[in-house]
Amino acid sequence: MVSARQWGVSELNGSMESFAFVVHPLDPKEDVARKYPTLARVLPTGLIHVLARRWPPVLLSHIAGVRSQESGRRAEGWLLACPLSAGQMLRLPPQVVYDKIVQTGRLAQRKGARILGLGAFTSVVGDGGVTIAQRLNMPVTTGNSLTVGLAVEVLKWGAERQGVTMDGATAAIVGASGTIGLASAEMLAPMVERLILVGRREIRLSQARAQAEAAGAAEVRVSIDLDDVAKADIVLSATTASRSILGSRHLKKNVVVCDVSLPPDVDPAVREERSDVLIIDGGVVELPDSVDLGFDFGLPPGQAYACMAEVMVLALTGRYESFSLGQRVRVEKVREITQLARKHGFRLSAEAASLGARGA
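It should be emphasised that the depicted structure is a prediction, and the values quoted were computed from it without experimental measurement. (Residues numbered from 1 in each chain as written. Predicted model: local features only at pLDDT ≥ 70, side-chain atom pairs only at ≥ 80, totals over all residues. Heavy atoms only, no water.)

Asker: How would you explain the overall build of the chain if you had to name every residue and give the values?
Answerer: Counting secondary structure elements, the chain contains 13 helices and 13 strands. Computed over C-alpha atoms, the radius of gyration of the chain comes to 20 Å, within 12% of the 21 Å expected from 2.2 N^0.38 for 360 residues, which places it in the range of a compact globule. Dimensions along the principal axes, computed over C-alpha positions, put the chain at roughly 60 × 50 × 40 Å. Counting across all 360 residues of the chain, residues that qualify as buried make up 55%. Restricting the contact set of the chain to residue pairs at least 6 apart, pairs at least 24 apart contribute 68%. A total accessible area of about 15,100 Å² is found for the chain, and carbon and sulfur atoms account for 51% of it. In the chain, the 41 positive side-chain charges and the 37 negative ones have mean positions that sit 6 Å from each other. (Helix = DSSP H or I, 4+ residues; strand = E, 2+ residues; numbered from the N terminus. Rg over C-alpha atoms; globule rule 2.2 N^0.38 Å. Buried < 20%, exposed > 50% of the residue type's maximum accessible area, 1.4 Å probe, protein only. Contact = heavy atoms within 4.5 Å. Areas by Shrake-Rupley, 256 points an atom, 1.4 Å probe, with all protein chains shown as cover. Lys, Arg positive; Asp, Glu negative; His and termini not counted. Charge placed at Lys NZ, Arg CZ, Asp CG, Glu CD.)

Okay, here's the thing in structure tokens:
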């Protein structure tokens, strides 16, 4: 007989929803130390990489206290770690990475999760979660829709703070040929005077340009040269680079930068070198009530990344579906999930928005 908890519902009148979220090490030494400090201290990085291919998925924490401010509906979740590092996910054959993520998803199912959220590089490898959802036969979401929605909101907040008028501004999107970049181009198109779409793949950049023009952009330029970012008043950076790619020379005076990439696209040195630049760690959301993630992400208590918040929002809504999946994020879904997040009490507060902002 299958228990209520195995189906992810509460023993109390069936009111508890359930979810799981997958993370993985970005910096092998630093992130492994969060769970296994002794191992991280004694093992060299190379050996950590070798062990990661053989190490099983890890249960990091049980997430409690997730409650909708509107409906009172509650949810519980599990934070799981896929052992592969960001570099391994980019270098290894997709099938090897798929197998490891699916193995992590099986752990989520055993815990009783009814929907799985993919974090960081687990959401971009291969086909953006499609194969994972098919192999697990459960709803999977990448969190990209809410990430885009919050990134656009935080850019508007930052522009007001810096005295930048959106409808007269030049906006640059770095990584515009990627999933988040393409959707961001559509969202920002009618808000700014001109767009500069920067990326590595010219065919995808042409697609982004067409989408931006169809969405109402007055002027769109595409570029494969990062130096063109220096012409922008506001910058949204969303690449899958494994190291920082934007330095001081890429940023004009008083520019607003929303960096949604993990690891960050903006070189940490910029924060020290440029007091005029407002750098915002994009996609950070304030959670409702007293959510206990049970694990230290390096964020203040009560805050999480938008990709994680999306799976919570879907669970609280009872929407057990693959909401954000594949290589395309649709604007209507961005608007819908952003509205649902507000309804349940998820907020992009000034405190969250200014995380990492110079002079905040």
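Asker: Describe the sheet that holds strand 4 (residues 116-118), listing the residues and the values that go with them.
Answerer: Taken in spatial order, the 5 strands line up as 2-3-1-4-5 in an open sheet, and their pairing is mixed. Taken across any chain shown, the strands that pair with only one partner, and hence form the sheet edges, are strand 2 (58-67) and strand 5 (140-141). Examined bridge by bridge, strand 4 and strand 5 share 2 bridges and lie parallel to one another. Note that in strand 5 the partner of Gly117 across the bridge is Thr141. Against the sheet, helix 5 (residues 94-111) contacts strand 1 (16-23), strand 2, strand 3 (74-81) and strand 4, and its axis sits at roughly 145° relative to strand 3. (Pairing = 2+ DSSP bridges. Axes fitted to C-alpha atoms, helices over the stretch in contact; angles between N-to-C directions.)

Asker: Any chance you could break down the side chain of Thr141 for me, citing the residues and the numbers?
Answerer: With respect to the helices and strands, the residue Thr141 is situated in strand 5. If near-sequence neighbours (up to four positions away) are discounted, Thr141 is found in contact with Leu116, Gly117, Leu118, Glu310, Val311, Leu314, Phe323 and Ser324.

Asker: Lay out the pairing of strand 3 with the relevant residues and their values.
Answerer: Across the 8 residues that make up strand 3, a large majority, 7, are buried. By the bridge criterion, 8 bridges tie strand 1 to strand 3 in an arrangement that is parallel. Paired with Glu17 across the bridge in strand 3 is Ala75. The sheet contact formed by strand 2 and strand 3 spans 7 bridges and is antiparallel. Paired with Ser61 across the two strands is Leu79, which belongs to strand 3. Where strand 2 folds back on strand 3, the antiparallel hairpin that results is connected by 6 residues, among which Gly72 adopts a positive phi of roughly 80°.

Asker: Give a detailed account of the packing of aromatic side chains, specifying residues and quantitative values.
Answerer: One pass over the structure, following the stated rule, counts 0 aromatic pairs. Its end group placed over the ring of Phe323, Lys333 keeps NZ or CZ at 4.7 Å from the ring centre. (Phe/Tyr/Trp six-rings, centres within 6.5 Å; stacked < 30°, edge-to-face > 60°. Lys NZ or Arg CZ within 6 Å of the ring centre and 35° of its normal.)

Asker: Describe the sheet that holds strand 8 (residues 220-223), listing the residues and the values that go with them.
Answerer: Within the open sheet, the 6 strands sit side by side as 8-7-6-9-10-11. Their pairing is parallel. With one partner strand each, in any of the chains shown, strand 8 and strand 11 (278-281) form the two edges of the open sheet. Neighbouring strand axes in the sheet, compared pairwise and without regard to direction, differ in orientation by 15° on average. Across 4 bridges, the pairing between strand 10 (residues 256-259) and strand 11 is parallel. Residue pairing across strands places Cys258 opposite Ile280, the latter belonging to strand 11. Of the strands in this sheet, strand 6 (170-174), strand 7 (194-198) and strand 9 (234-237) are in contact with helix 8 (residues 179-188), which crosses strand 6 at around 165°.

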